[in-house]
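Secondary and tertiary structure notes
Listed here are the chains, written in short residue letters.
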Amino acid sequence: PVTPGLLKQDLPALLAVTAAVGFLCSDYLLSQQDGWAMMAMLVLLTGLIAWMGFIVWDLAKKSQAGRFGTIALFIVLGAGVVGFIIKTILVEILQI
């Protein structure tokens with residue numbers, strides 16, 4: 001049977017799409033915003049990253065992944081966040 005609405009298992013995919021869109025649009029958004037909006041975006045992105053970390057931890061806990069599995073999940077699923085942070089730092093340093 002099909003359940004209407006957003007399912008719990010749909011959240012990681014939704015977060016991945018949100019992160020991808022944010023990554024692709026970040027240069028435009030950062031160049032068009034004033035200081036207050038940039039600060040708000042920084043706070044909200046930090047909250048989103050923390051929430052994604054909680055989701056990965058919850059996924060590891062519920063799937064009984066163990067220590068190695070939990071570390072592997074954080075490394076693999078956290079690589080996108082690390083890439084986004086590195087990209088942001090490089091853009092600021094190189095002023096591209």
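Scroll up to find the structure.
Computed from a predicted structure; not experimentally measured.

**Comments concerning the packing of aromatic side chains**
For the coordinates displayed, the defined rule picks out one aromatic pair. Judged by centre distance (5.9 Å) and plane angle (35°), the rings of Phe-54 and Trp-57 are tilted. With Phe-54 and Trp-57 both in helix H2 (residues 35-62) and three residues apart, this pair spans about one turn of that helix. On the accessibility criterion, Phe-54 (45% relative accessible area) is partly exposed. Taking relative accessible area as the criterion, Trp-57 reaches 42% and is therefore assigned partly exposed.

**Observations concerning unusual backbone geometry**
A positive phi is found at Gln-64, a non-glycine position, where the angle reads about 55°. Tracing the backbone shows Gln-64 in the loop between H2 and helix H3 (66-94). With a relative accessible area of 70%, Gln-64 lands in the exposed category.

Calculation notes
- Throughout, residues of each chain are indexed from 1 in the direction in which the sequence is written.
- Side-chain atom pairs in this predicted model are given and counted only at pLDDT of 80 or more, local residue features only at pLDDT of at least 70, and totals for whole chains, interfaces and linings cover all residues.
- Each side-chain value is derived from all of the structure's non-hydrogen atoms; neither hydrogens nor water enter the calculation.
- Pairing of aromatic rings covers Phe, Tyr and Trp, the last through its six-membered ring, and needs centres within 6.5 Å; plane angles under 30 degrees mean stacked, over 60 mean edge-to-face, and all others mean tilted.
- Helix and strand definitions here come from DSSP, where helices need a minimum of 4 consecutive H or I residues and strands a minimum of 2 consecutive E residues; each element is numbered from the N-terminal end.
- Burial classification: accessible surface area is computed with a 1.4 Å probe over protein chains only, and a residue below 20% of its type maximum counts as buried, one above 50% as exposed, and the rest as partly exposed.

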